[in-house]
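Overview (structure and organization)
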Amino acid sequence: MRIRLTYLPLLIAVLLASCHPFSRDRELEEALLLAGENRPELERVLEHYEDDSLKLEAARFLIRNMPGHCSYADTATLRRYALATDSILTAMEGLPADTICHAIDSMASRLGMDRLTLIPDCRIITAGFLIRNIDLAFDDWQHRPWNAALSFQDFCETLLPYKVEDLQPIEDWRTQLRGVYGEKIRNLEFCDELRDLSYLAASYVDKAIHDSKESRLSMSLRNTHLPPSVRLRVPFGLCSDFAISAASVLRSEGIPVYVESTPLWVGYHLGHTWNLLPGEDGRYFTFVGGLGEIEKVHIPQGRMGKIYRYTYAADPALKALNRSGEWVPPLFRNIFQKDVTASTLSCADVTLRAEGEKDGHAYLAFSDNRAWVPIALGEVRKGKAVFRSLGPHALYLPVRYGRDGGMRPIGDPFILRYNGQTERIVPDTSQHITMTLRRKYPVKGYVYEKLHRLEGGEFQASDDPLFRRRHVFHRIAENRGWGYEVRVPDSVPPCRYWRYISYRRKSYCNMAEIMFYAAGDSVPVRGKVIGTPGAHDDHPDYTREAVFDGDLLTCNDPTEPDSAWVGMDMGRPVKMDRLFYYGRGDGNAVEVGDEYELFWWNRNRWQSLGRQRAVRPSLQYSGVPAHALYLLRDLTKGRDERIFTYRDGRQQFW
């Protein structure tokens, strides 16, 4: 057999590799080959631990999974970015978060941070750096009292990695951070009862992080890849920023901690990221690092379809997916994550018919405010699509992607119930219903906390400015977060003064909007605003005038918590016919004057059911296909909107 000379060098390389002492581990050999000229540095690490089998296996783990982990090639620009950010944080301390964020983002743009090239870690990691990292990690694992029960697997994914997230600058962050926030845990060693509690050690460190700066969950820098010591100084960020920063500090103190996330909540357009701490007794504690609230044992609120854990090791299924030649959605291009949904939620597997579909990969998508976003990965085999470990009480749409990234549904949306059964949402075009719609978005917890404040309040009319003689024509029994229409009885005569008064204790008269209408009028009657003066923090959005400004996002919030009131002096007696009112909320109730459009999901696309301008705090649509999936969009303003089903006269948002 003749061999062409052009292939001879490749054949020699393969033969030499097969004789190499590390070649029995195929993934390890692939990493060493990818390292190129830096291969001797990685081999030096393996040779250094030849007589220590456990550290050798740890070194193999790091090198074996190094392909795919990258860093910025231009370290000089990266250092300039870190130094400039540190200077801005010092110079602008105490200024509003958006001002600081804009300054840092502008500086990053001038430096060209978004144009920097990446380089694989395996081509730049030095033997000295990796050996020092491994030795420090082992020292923490073997000598910190709370790590006595920590498995080698958990050790490799928490304490061992040389960085907490990809693109983190490669530097000695363990030494830089150690002791900065962990002073109090030094004394744990002297208490036999507490010394082996990782939970207690973590709570001390987390509180120290929180106390070191005034932080708020808000915006995030466009480029967060700063040295941990600098990133920790940033006084704002998203939950993911706080979780990553806290993980850096906790791991530097030898405290094992993971970072987990859900891509999207059920019924919400955002996801969430948190920390997870393995306990000594097999329990896990969840928290958002840096908030100083580990003792509350943070439990992610809301329903979730999937939970992914950030890992250092590559996930085999995701590696195979990204090598398949198929178009891959952004979430699943990150091979360093692990599906851990089943460890937190009561899950179910779902098999769907996929007749006529070629074998390959499929996805389940959640709806965000504007599109279908894939959050779960499955496989199509022999006309069936199989999805594992799905969170319950969620609505999913099965989809596939073409090579150009175009998405197409391959089935009907379905709801996965708590009992593991699926309910397909199939519109019935032979049956039509009439809908009454009051909101375009679900009531969230921060809104719910304020709803009760209106209960027990009264609407009154009088010709006495002090309301000593008054007509009480409506008492509020409930507030569901939407607008209400009140008919004024004929028994109420024309009156000059009209008001709302809150009698509930500590209710702060939290009315957002009131519109008084005279008989036959389509425009609200205007007068002079009267009522309890003042506003919390003297905020202009919380004065009594806010109740009549046409903005649902402003509201009355006086400093007087009890028996506060707000109303209008019409200047003359007026016979009122009706009024509309909205309590303090999120602006997502159907708002008088706004234009709306209702859609229904017709097999594979949204189809309009027409536009309406709201003339009262609700919309009515007739001739709507029954049993479908719907979406109400405010065309006038706002972005928050959610898909919903409609049963028994009620919207169920997903």
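I will try to describe carefully the structure that is included in this document. (Residues numbered from 1 in each chain as written. Predicted model: local features only at pLDDT ≥ 70, side-chain atom pairs only at ≥ 80, totals over all residues. Heavy atoms only, no water.)

Considering empty space enclosed by the protein
In total, this model carries 5 cavities of 30 Å³ or more according to the counting rule given. Counted as a void, the largest cavity has a volume near 160 Å³. Around the largest cavity sit 17 residues that line it, and Arg231, Val234, Phe236, Asp241 and Ser245 are the ones nearest its centre. Secondary-structure elements contributing two or more residues to the lining of the largest cavity are β4 (236-237) and α12 (239-252). (1 Å grid on protein atoms, 1.4 Å probe; cavity = no way out; pocket = protein on both sides within 12 Å on 5 of 7 lines; lining within 4 Å. Points joined across faces, edges and corners; volume = space filled by probe spheres on them. Helix = DSSP H or I, 4+ residues; strand = E, 2+ residues; numbered from the N terminus.)

Structural notes on the packing of helix α4 (residues 53-64) against helix α7 (residues 127-143)
Axis separation between α4 and α7 bottoms out at 11 Å; the angle between their running directions is 125°. On the basis of their axis angle, the class for α4 and α7 is oblique. Crossing of α4 against α7: the hand is right-handed. Residue-level contacts link Leu54, Lys55, Ala58, Ala59, Leu62 and Ile63 of α4 to Leu130, Asn133, Ile134, Asp135, Phe138 and Trp141 of α7. For the contact of α4 with α7, the class distribution of residues is 9 nonpolar, 1 polar and 2 charged. (Axes fitted to C-alpha atoms, helices over the stretch in contact; angles between N-to-C directions. Parallel < 35°, antiparallel > 145°, perpendicular 65-115°, else oblique. Left-handed = near helix turned anticlockwise from the far one by under 90°. Contact = heavy atoms within 4.5 Å. Nonpolar A, V, L, I, M, F, W, Y, C, P; charged D, E, K, R; others polar.)

Structural notes on unusual backbone geometry
Although it is not a glycine, Tyr508 sits at a positive phi angle of roughly 55°. Structurally, Tyr508 is set in the loop between β22 (495-501) and β23 (511-518). Positive phi outside glycine occurs at His627, with the angle close to 60°. Its place among the elements puts His627 in the loop between β29 (619-626) and β30 (630-634).

Brief notes about the pairing of strand β14 (residues 394-401)
Burial of β14 is extensive: 8 of the 8 residues sit out of reach of the surface. Burial along β14 is two-sided: the face carrying Ala394, Tyr396, Pro398 and Arg400 and the face carrying Leu395, Leu397, Val399 and Tyr401 are both buried. Relative to β14, strand β11 (residues 360-367) is paired through 3 bridges, and the arrangement is antiparallel. Among the inter-strand pairings, Tyr363 is bridged to a residue of β14, identified as Val399. Both β14 and strand β16 (residues 414-416) contribute to a ladder of 3 bridges, which runs antiparallel. Bridge pairing links Tyr396 to Phe414 in β16. Relative to strand β15 (residues 407-409), β14 runs antiparallel, the two sharing 3 bridges. In the strand pairing of β15, Arg400 is matched with Arg408. (Buried < 20%, exposed > 50% of the residue type's maximum accessible area, 1.4 Å probe, protein only. Pairing = 2+ DSSP bridges.)

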